[in-house]
Amino acid sequence: MSDPRHIAIIMDGNGRWATARGLPRSAGHRAGVESLRAIVHHAGVTGLEWLTFFAFSSENWSRPDGEVRELLALLKMFIRRDLADLHRKNVHISVIGERDNLSADVRGLLVEAETLTRANTGLNLVIAFNYGARDELTRAMRRLAIDVAAGRLDPQSISADLISANLDTSGMPDPDLIIRTSGEMRLSNFLLWQAAYAEFLFVPCMWPDFTPAVFEEAIEAYRSRDRRFGGVNSKQCCKESPELLAVATASDGVAS
Ligand code: IPE
Ligand code: IPE
Ligand code: MG
């Protein structure tokens, strides 16, 4: 199968990585930023088109105040320290998630990162910060409802494409591969709509231990997957039955 265009990563396990070493959770988050840097660099060099990271969820506010402060500080530090370098590497940055309840200085940095790199044509780096898929869908639905109520939108013209276009990920391809570290096998409110046909890979290592080599292994595993999108595998049915192939490739997709 062809290589993934868009890989999304749920960076999980920073806290457990630190605890296992007798360190505070904050040390795990700092080590996690190093992994992030290494993977962004690697993806840029290898020519990946889209790379999304889940950095802070809409539910992560429920963590202790000190940890939330640390995570916000790390985001600010990452942008301040790495933005110039990412710009030099032609990386295009976008941020998804709710902005309204972020402080003005954080919002300002996110806008600065997006504005500076807007015309870049290399890796598209997407940071999901204060992101929750249900929140994203709720905001989109509210916007569409306002348009319907104002008479600007006919409810009959609400399509899957229109919903996609109203999400934070508007204009981005859906993720082909979603990787989650730390062995947890759940989405935790990440890209629920966009993940409809994503391939999933759950790797046991904690995020600070995730290296470009593990990333490459994940891409290798993706290559061996058989994505059908609800259809049939044409090679398989061709071998087994030429009539089935005719059905599979019929333009209207309906067997007569
Ligand atoms: C991922 O690591 C980082 C964020 C969710 C921000 P965790 O902090 O969730 O680490 P664990 O899952 O507690 O080990
Ligand atoms: C998901 O990890 C969020 C991020 C990686 C930013 P969590 O650690 O918050 O998820 P749960 O609570 O284990 O589901
Ligand atoms: Mg976690």
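Residues numbered from 1 in each chain as written. Chains lettered and ligands numbered in written order. Predicted model: local features only at pLDDT ≥ 70, side-chain atom pairs only at ≥ 80, totals over all residues. Heavy atoms only, no water.

(A) Expanded view of the confidence of the model for the protein chain. Averaged over all residues, the pLDDT of the protein chain is 94; the fraction at 70 or higher stands at 91%. Overall, residues 251-256 carries pLDDT values under 50, and its contacts beyond four positions in sequence, including any with other chains, amount to one contact. (pLDDT = per-residue confidence, 0-100. Contact = heavy atoms within 4.5 Å.)

(B) How the structure looks around the UniProt feature "active site" (unreviewed entry) in the protein chain. Using the residue numbers shown here, the UniProt feature "active site" (unreviewed entry) corresponds to Asp12 and Asn60. A maximum C-alpha distance of 12.1 Å among these annotated residues, which run over 49 residues, shows that they cluster at one spot. Topologically, aspartate 12 is positioned in the loop between strand 1 (6-10) and helix 1 (14-19). Exposure remark for aspartate 12: the relative accessible area of 16% places this residue in the buried category. Excluding anything up to four places from it in sequence, aspartate 12 contacts Arg180, Thr181, Ser182, Glu184, Met206 and Trp207. (UniProt positions renumbered as here; feature names shortened; annotations may be inferred. Helix = DSSP H or I, 4+ residues; strand = E, 2+ residues; numbered from the N terminus. Buried < 20%, exposed > 50% of the residue type's maximum accessible area, 1.4 Å probe, protein only.)

(C) How the structure looks around the packing of helix 2 (residues 25-46) against helix 3 (residues 65-88). Interhelical geometry of helix 2 versus helix 3 gives an angle of 25° and a closest axis separation of 11 Å. Taken together, the axes of helix 2 and helix 3 are roughly parallel relative to one another. Our pair here, helix 2 against helix 3, has a crossing hand that is right-handed. Side by side, helix 2 and helix 3 meet where Arg25, Ser26, His29, Arg30, Val33, Leu36, Arg37 and Val40 of the first sit next to Glu67, Glu70, Leu71, Leu74, Phe78, Arg81, Asp82 and Leu86 of the second. Partitioning the contact of helix 2 with helix 3 into residue classes produces seven nonpolar, two polar and seven charged. (Axes fitted to C-alpha atoms, helices over the stretch in contact; angles between N-to-C directions. Parallel < 35°, antiparallel > 145°, perpendicular 65-115°, else oblique. Left-handed = near helix turned anticlockwise from the far one by under 90°. Nonpolar A, V, L, I, M, F, W, Y, C, P; charged D, E, K, R; others polar.)

(D) Inspection of helix 4 (residues 104-116) at higher detail. Between the first and last C-alpha of helix 4 there are 18 Å, a value that for 13 residues agrees with the 18 Å anticipated at 1.5 Å per step. For helix 4, the set of buried residues is Val106, Leu109, Leu110 and Ala113. In a view along the axis of helix 4, the buried residues occupy a sector of 100°, so they form one face of it. The elements touched by buried residues of helix 4 are helix 3 and strand 3 (92-96). (Expected span 1.5 Å × (residues − 1). Arc of directions from axis to C-beta.)

(E) Broad picture of the nonpolar core. The biggest cluster of nonpolar side chains holds 44 residues, and the ones touching the most others in it are Ile7, Ile9, Leu51, Phe53, Ile179, Phe210 and Phe215. Per-element tally for this core: the top contributor is helix 3, with nine residues. Not counting the four nearest positions on each side in its chain, leucine 51 is found in contact with His6, Ile7, Ile9, Ile39, Val40, Ala43, Leu123, Asn124, Leu125, Val126 and Phe215. Core analysis: the next-biggest nonpolar cluster, separate from the first, contains 15 residues, Ile10, Ala133, Ile178 and Ala198 among them. (Core = buried A, V, L, I, M, F, W, Y, C linked by side-chain atoms within 4.5 Å.)

(F) Just the domain arrangement of the protein chain, in detail. Assigned domains within the protein chain: domain 1 (6-225) and domain 2 (232-256). Between domain 1 and domain 2, the C-alpha centre-to-centre distance is 38 Å. (Domains from an automatic or database assignment.)

(G) Broad picture of the environment of glycine 151. Its location among the elements puts glycine 151 in the loop between helix 5 (133-149) and helix 6 (160-165). Looking at glycine 151, the relative accessible area reads 62%, which means it is exposed. Spatially, the C-alpha atoms of glycine 151 and arginine 118 are 34 Å apart, while their sequence positions differ by 33 residues.

(H) Structural detail: the pattern of salt bridges. Across all of its chains, the model carries 25 salt bridges by this definition. When the shortest N-O distance is used, the salt bridge between arginine 139 and aspartate 135 registers 3.0 Å. In this pair, arginine 139 and aspartate 135 both sit in helix 5, four residues apart, roughly one turn of the helix. When its relative accessible area of 13% is taken as the criterion, arginine 139 is described as buried. When salt bridges that share partners are traced, they join Asp12, Arg16, Arg180, Glu184 and Arg186 into one network. (Salt bridge = Lys/Arg side-chain N within 4 Å of Asp/Glu carboxyl O.)

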